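These are the residues of each chain, in order.
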Amino acid sequence: MADARPVVWVSQPLVEAAIAPLRDRVQLHTTDTVTAWTPDQLAERLAGVDGAIITLNERIGAAQLAGNARLQVIANVGVGYNNLDVEALSAAGVLASNTPDVLTETTADLGFALLMATARRITEAERWLREGHWGQWSFQTMLGADIHGSTLGILGMGRIGQGIARRGAHGFGMNVLYHNRSRLPAGTEAAVGASYVELDTLLARADHLVLVLPYSASSHHIIDAAALAKMKPTATLVNIARGGIVDELALADALAHGRLAAAGLDVYEGEPTVRPELLALRNVVLTPHIGSASLGTRTAMVHLAADNLLAALGLAGDVSAMPSAINADAALAARATVGKKGVKR
Ligand code: GLV
């Protein structure tokens, strides 16, 4: 008898323990090796399936959806979803979801780790030691900047920003300032220990500035040469959001010429390529987009993506049971227009 279960494609090797429960419910097509899918290959993979679980490396837009009458849902394993053209997905009646909340604290941990490594020159010091320079140690070797008692600036005060604020204010006695599209309620500001300031004030006063805002046309290169020029030359900059928020060439120039002390980057505009101008600098800590990379959190992210997918496919309640849908109303409204039927079971 034909297998009536929906077909689901998983674009990359994920966490098997979290994927396994899906195997009874859907026909699962997994990917065994890490793959850089081309835009055409993505369209081909999506053509024959009801749903897909993807990572931020897969960019899905109108070209990947053209002529695809079957696809119901794209479950993105990640909180940021600038890899998805949400408008195109909605117009095609395709539901989309992300994985917020479960990664908040792990990502805030990484942000803080990067801040500390950058300010205290941890990776630079380790390289120096491994290269056999300890014999030249002096009282002035690897002087960095203090974390405790300094001013922490946070640009983007969503859940992860708030997690970083709490760590700074309550753990390290930092003076925490933030800027965000909308100001937090007074009670939340008090709980996380942060005060709202205008962007220019944030740039001017931060000893350590952490970027945690979503990437969009309005945040593209928000940290450009002009913004960097407003920062203290002794300041450090940490980016755990998206590479495109920073003009990397302007950043490299500021770092190379002493207009900014150091930077810690987990994200890059051309991932997985890192600009040679950044690689050449000693005062940059570079990590390969590992904000949410703890086993527990990555497992929770895949579980959440799977829960979204099952609800979208009608296998665990209906669309309203998707824990973190991005475009449910728009996608369902478009289905009537494009003649796409949801999966009824
Ligand atoms: C990682 O960057 C994510 O958006 O989850």
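Residues numbered from 1 in each chain as written. Predicted model: local features only at pLDDT ≥ 70, side-chain atom pairs only at ≥ 80, totals over all residues. Heavy atoms only, no water.

**Section: the side chain of Arg167**
Link 1 in the chain: Within the element layout of this structure, Arg167 appears in helix α7 (residues 159-172).
Link 2 in the chain: A polar contact is formed between the side chain of Arg167 and the side chain of Glu105, at a distance of 2.8 Å.
Link 3 in the chain: If near-sequence neighbours (up to four positions away) are discounted, Arg167 is found in contact with Glu105, Ala108, Asp109, Phe112 and Phe172. (Helix = DSSP H or I, 4+ residues; strand = E, 2+ residues; numbered from the N terminus. Polar contact = N/O pair within 3.5 Å; in protein donor to acceptor, adjacent residues only side chain to side chain. Contact = heavy atoms within 4.5 Å.)

**Details of the domain arrangement of the protein**
Link 1 in the chain: The domains assigned to the protein are domain 1 (7-102 + 295-338) and domain 2 (104-286).
Link 2 in the chain: Each of domain 1 and domain 2 has a C-alpha centre, and these two points are 32 Å apart.
Link 3 in the chain: Counting residues at the interface gives seven residues for domain 1 and six residues for domain 2.
Link 4 in the chain: When domain 1 packs against domain 2, the two sides together hide about 600 Å² of surface, and 40% of this comes from carbon and sulfur.
Link 5 in the chain: The interface formed by domain 1 and domain 2 includes one salt bridge.
Link 6 in the chain: The partner of Arg159 in a salt bridge is Asp101, and the shortest N-O contact between them spans 3.1 Å.
Link 7 in the chain: One can count four residue pairs in polar contact (both at pLDDT 80 or more) joining domain 1 with domain 2. (Domains from an automatic or database assignment. Buried area = accessible area lost by both parts, 1.4 Å probe. Salt bridge = Lys/Arg side-chain N within 4 Å of Asp/Glu carboxyl O.)

**Looking at the site of the ligand**
Link 1 in the chain: The full set of residues close to the ligand is Leu56, Gly78, Val79, Gly80, Leu103, Arg242 and His289.
Link 2 in the chain: Here an oxygen atom of the ligand sits 2.7 Å away from a polar atom, N or O, in the main chain of Gly80.
Link 3 in the chain: Within the side chain of His289, a nitrogen or oxygen atom sits 2.6 Å from an oxygen atom of the ligand.
Link 4 in the chain: Within the complex, the protein chains bury 89% of what would otherwise be the 190 Å² of accessible surface of the ligand. (Near = heavy atom within 4 Å. Areas by Shrake-Rupley, 256 points an atom, 1.4 Å probe, with all protein chains shown as cover.)

**Quick look at the packing of helix α5 (residues 104-119) against α7**
Link 1 in the chain: Contact geometry of α5 with α7 gives a least axis separation of 8 Å together with a crossing angle of 55°. Judged by the inter-axis angle, α5 sits oblique to α7. Regarding α5 and α7, the two cross each other, and that crossing is right-handed. Residue-level contacts link Thr104, Glu105, Thr107, Ala108, Asp109, Gly111, Phe112 and Met116 of α5 to Arg159, Ile160, Gly163, Ile164, Arg166, Arg167, Gly168 and Phe172 of α7.
Link 2 in the chain: Split by residue class, the contact of α5 with α7 holds six nonpolar, five polar and five charged. (Axes fitted to C-alpha atoms, helices over the stretch in contact; angles between N-to-C directions. Parallel < 35°, antiparallel > 145°, perpendicular 65-115°, else oblique. Left-handed = near helix turned anticlockwise from the far one by under 90°. Nonpolar A, V, L, I, M, F, W, Y, C, P; charged D, E, K, R; others polar.)

**Focus on the packing of aromatic side chains**
Link 1 in the chain: Throughout the structure, instances matching the rule amount to three aromatic pairs.
Link 2 in the chain: For the pair Trp9 and Trp37, a centre-to-centre distance of 5.1 Å together with 75° between the ring planes defines the contact as edge-to-face. Placement of the pair is Trp9 in strand β1 (residues 7-10) and Trp37 in the loop between β2 (27-29) and α2 (39-47), with a sequence separation of 28 residues.
Link 3 in the chain: On the accessibility criterion, Trp37 (15% relative accessible area) is buried.
Link 4 in the chain: Each ring, one from Tyr178 and one from Tyr196, has its centre 5.5 Å from the other, and the planes form 75°; the classification is edge-to-face. Here Tyr178, found in strand β7 (residues 175-179), pairs with Tyr196, found in strand β8 (residues 194-196); they are 18 residues apart in sequence, far enough to count as distant.
Link 5 in the chain: By relative accessible area, which is 0% here, Tyr178 ends up buried. (Phe/Tyr/Trp six-rings, centres within 6.5 Å; stacked < 30°, edge-to-face > 60°. Buried < 20%, exposed > 50% of the residue type's maximum accessible area, 1.4 Å probe, protein only.)

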